[in-house]
Amino acid sequence: MFSQASHNSRLTPVEPAAGSTELLARISELIEDLSPDRVDLLKAFHRIQHEFGYVPREAVPLLAGKFRTTPAIIFGTIDFYSELRMAPAAETTVDWCSGPACLLKGSLNIRRALEATFECEMNRTSADGRFGLRLVQCDGTCHLAPLVRHHGRYIGPLTVSESIEWARRLTGDDRRAPPEDGARPAADEASPELAEPVEAE
Ligand code: FES
């Protein structure tokens, strides 16, 4: 038999934040004319994110009610689409390619290095809001694999040490601890040359 506590926790998924009446009213306005079937769900996300810059957590119960689904489905959908976010955008976002060519050439280690250097996980923003990492799919620029994308430019092919050096230059903070995988270049090692960034199409 379930305890009362566990029973309640399953039935109270998300409550609107206190003091967010105006926010909720605006979100209601934004989705008012949409069809309650799920075809319009993405349209709702886009409208809300266009208005606020992200999808506020308070929107989740409203969306679940409107589209006759559960908060879990709403959260899962937001999580699925990398363009959607539930927090204000970071000052600087770096796209990490999760495609097969990049993976074969060691991009997972680059991901770990970036997460450690920026102090944030994939598809999240650092606590200070400065850096964000976003998982993206292959867009056909595999000749630069493994790569990252920054402000519409491609940086690659990258080694782990090059990615650390590049990320540390971006942070402008050499005091940040390097990743623990030992991939950091020695202090007196010459800086590796990165491939000339390719302008986005
Ligand atoms: S797999 Fe990364 S660019 Fe193609």
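From a predicted model like this one, the values you see are computed outputs, not experimental measurements.

Scoring rules and cut-offs
- Residues numbered from 1 in each chain as written.
- Predicted model: local features only at pLDDT ≥ 70, side-chain atom pairs only at ≥ 80, totals over all residues.
- Helix = DSSP H or I, 4+ residues; strand = E, 2+ residues; numbered from the N terminus.
- Buried ≥ 20, exposed ≤ 12 C-beta atoms within 10 Å, placed from the backbone.
- Contact = placed C-beta atoms within 7 Å.
- Core = buried A, V, L, I, M, F, W, Y, C linked by C-beta atoms within 7 Å.
- Pairing = 2+ DSSP bridges.
- pLDDT = per-residue confidence, 0-100.

(A) Local environment of the overall build of the protein chain. Scanning the protein chain from terminus to terminus reveals 8 helices and 5 strands. Burial status across the protein chain gives 25% buried among its 201 residues. Of all intrachain contacts in the protein chain linking residues separated by at least 6 positions in sequence, the fraction that spans at least 24 positions is 63%.

(B) Focus on the environment of Leu63. Structurally, the position occupied by Leu63 is in helix H4 (residues 59-66). For Leu63, a count of 23 C-beta atoms within 10 Å corresponds to the buried category. Separated by 19 residues in sequence, Leu63 and Ala44 have C-alpha atoms that sit 8.1 Å apart. Not counting residues up to four positions away in its chain, the partners in contact with Leu63 are Ala44 and Ile74.

(C) Up close: the nonpolar core. Core analysis: the biggest nonpolar cluster contains 22 residues, and Leu114 and Leu147 have the highest contact counts within it. Mapped by element, the contributors of at least two residues to this core are strand E1 (92-97), helix H7 (107-118), strand E2 (131-136), strand E4 (153-155) and helix H8 (160-171). In this structure Leu147 touches Cys97, Cys102, Thr141, Tyr154, Ile155, Gly156, Pro157 and Leu158, once residues within four positions along its chain are discounted.

(D) Region of interest: the pairing of E1. Bridge analysis of E1 against E2 gives 6 bridges, and the strand direction is parallel. Each residue of the ladder has a partner; that of Val94, found in E2, is Leu133. Pairing of E1 with strand E3 (residues 148-150), which is carried by 3 bridges, proceeds in the antiparallel orientation. Following the sheet pairing, Val94 is matched in E3 by His150.

(E) Highlighting the environment of Leu103. Relative to the elements of secondary structure, Leu103 occurs in helix H6 (residues 100-104). When the 15 C-beta atoms within 10 Å are taken as the criterion, Leu103 is described as partly exposed. With 42 residues separating them in the primary sequence, Leu103 and Ala145 have C-alpha atoms 8.5 Å apart. With near-sequence residues (within four places) excluded, Leu103 lies in contact with Ser98 and Leu108.

(F) Expanded view of the confidence of the model for the protein chain. Here the protein chain shows a mean pLDDT of 80. Residues at 70 or above account for 76%. A low-confidence stretch, residues 1-16 stays under pLDDT 50, and its non-local contacts, those more than four residues away or across chains, total 9 contacts. Under a pLDDT of 50 for its full length, residues 174-201 has, in the predicted model, 42 contacts with residues more than four places off or in other chains.

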